[in-house]
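# Descriptive structure summary
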Amino acid sequence: MQTSTERLALIQQMDLMDDVFFQKVVEDKTVCEEILRVLLQEPDLKVIEAQTQRFLRNIGAHSVILDLICQDGDGAQINVEVQKSDDDDHVKRARFNISNIDTTFTEKGLYYKDLPDIYVVFLTRSDIFKEGKTVYHLGMSIKETGTLVDDGVYRIFANCAVDDGSDIAGLMQYFKTTKGANSKFPRLSKRVRYFKESQEGADNMSDVVEKYFQERIAAEMAEHDKETAKTFLRNGASVGLVQRSIPTLSADDIEELNEQLMLAEK
């Protein structure tokens, strides 16, 4: 258990790309609205409902927890996810989120033509497409002609790595630094300052700070285990021996580490 001073010090290290801090900040619906108006380039967007950490259960299949799910004034469902690392296929993860949102929020008996629009917005630290853009809009098109097809699903990927001077880039740069007041994002920066600069805000984040602390410890331990496994592999240990020695890593994890080492030696 941290003291108030320790808690405040940990909060200073967080930014909006840390999902636990992001989820706390966007508990304020007006902050969600301000963020979404920028990301979707819709200055008049109204958020009717906002939920963080919404659990979508799939009986007998993989369930999902959404960082943020909102409904706007037109009935569209808007999912925002923050991704610190690039250790998975975020495009396919967006696909999975879309399918779950469709099945969870669609009323029984609804005609397909009346399906609500779905926006899935992924915010990443790095430029996962490596095309040098701050934001990418992925859509459906006819391969033979290039004609765009509107199926009511909109996939948006924005990153902190590329600053093209746009409003979205400005927002992503604030997500990366998460410091001080910002006149372009007054509601967001006021909420950030409440948690980072006031004792009351820090105390209100006690549960979040504990989760962040435990996640950081787990991440550091996982990284340590990977480095230890690499040392074993470099010294000629078999995958089976490494797995028996470091049970926190699966055989697939160790095989992947071994492949990385082999590629690095070429």
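Definitions and cut-offs
- Residues numbered from 1 in each chain as written.
- Predicted model: local features only at pLDDT ≥ 70, side-chain atom pairs only at ≥ 80, totals over all residues.
- Heavy atoms only, no water.
- Helix = DSSP H or I, 4+ residues; strand = E, 2+ residues; numbered from the N terminus.
- Buried < 20%, exposed > 50% of the residue type's maximum accessible area, 1.4 Å probe, protein only.
- Contact = heavy atoms within 4.5 Å.
- Areas by Shrake-Rupley, 256 points an atom, 1.4 Å probe, with all protein chains shown as cover.
- Lys, Arg positive; Asp, Glu negative; His and termini not counted.
- Charge placed at Lys NZ, Arg CZ, Asp CG, Glu CD.
- Pairing = 2+ DSSP bridges.
- Polar contact = N/O pair within 3.5 Å; in protein donor to acceptor, adjacent residues only side chain to side chain.
- Axes fitted to C-alpha atoms, helices over the stretch in contact; angles between N-to-C directions.

Broken down by element type, the protein chain carries ten helices and eight strands. With the principal axes as the frame, the protein chain shows a C-alpha extent of 60 × 55 × 40 Å. Of all 266 residues assigned to the protein chain, the portion counted as buried reaches 38%. The long-range fraction of contacts in the protein chain, counting pairs at least 24 apart against all pairs at least 6 apart in sequence, stands at 59%. Here the protein chain has roughly 15300 Å² of accessible surface; of this, 50% comes from carbon and sulfur atoms. Put simply, the protein chain has 33 plus and 47 minus side-chain charges, and the middle of one group is 1 Å from the middle of the other.

Once that is clear, we can look at the pairing of strand 8 (residues 153–159). Within a regular strand, the side chains alternate between the two sheet faces. Buried residues dominate strand 8, accounting for five of its seven residues. Bridge analysis of strand 4 (residues 118–124) against strand 8 gives seven bridges, and the strand direction is parallel. From the neighbouring strand, Val121 faces strand 8, where its bridge partner is Ile156. In this structure, strand 5 (residues 135–138) lies alongside strand 8, joined through four bridges in antiparallel fashion. Opposite Tyr136, over in strand 8, you have Phe157 as the bridge partner.

Structurally, Asn159 can be placed in strand 8. Among the polar contacts made by the side chain of Asn159, one reaches the main-chain carbonyl oxygen of Lys133 at a distance of 2.8 Å. Apart from the residues within four sequence positions on either side, Asn159 is in contact with Thr124, Arg125, Ser126, Asp127, Lys133, Thr134, Tyr136 and Met172.

Attention now goes to the sheet that holds strand 8. The mixed open sheet is built from six strands, whose spatial order is 1-2-3-4-8-5. Each edge of the open sheet is held by one strand with a lone partner, namely strand 1 (47–56) and strand 5. Each adjacent strand pair in this sheet contributes to an overall mean axis angle of 20°, direction not counted. Relative to strand 3 (residues 77–83), strand 2 (residues 64–72) runs antiparallel, the two sharing four bridges. By the bridge assignment for strand 3, Ile69 is matched with Asn79.

When you line up the elements, Asp203 lands in helix 7 (residues 199–204). In this structure the C-alpha to C-alpha distance between Asp203 and Arg7, which are 196 residues apart in sequence, comes to 7.7 Å.

What follows deals with unusual backbone geometry. Of note, Lys130 is a non-glycine position whose phi angle comes to about 55°, a positive value. The residue Lys130 is located in the loop between strand 4 and strand 5 in this model. By relative accessible area, Lys130 is classed as exposed at 69%. The phi torsion at Thr178 lies on the positive side, around 50°, for a residue other than glycine. Note on placement: Thr178 falls in the loop between helix 5 (167–177) and helix 6 (186–197).

By themselves, these figures tell us nothing about what the structure is for.
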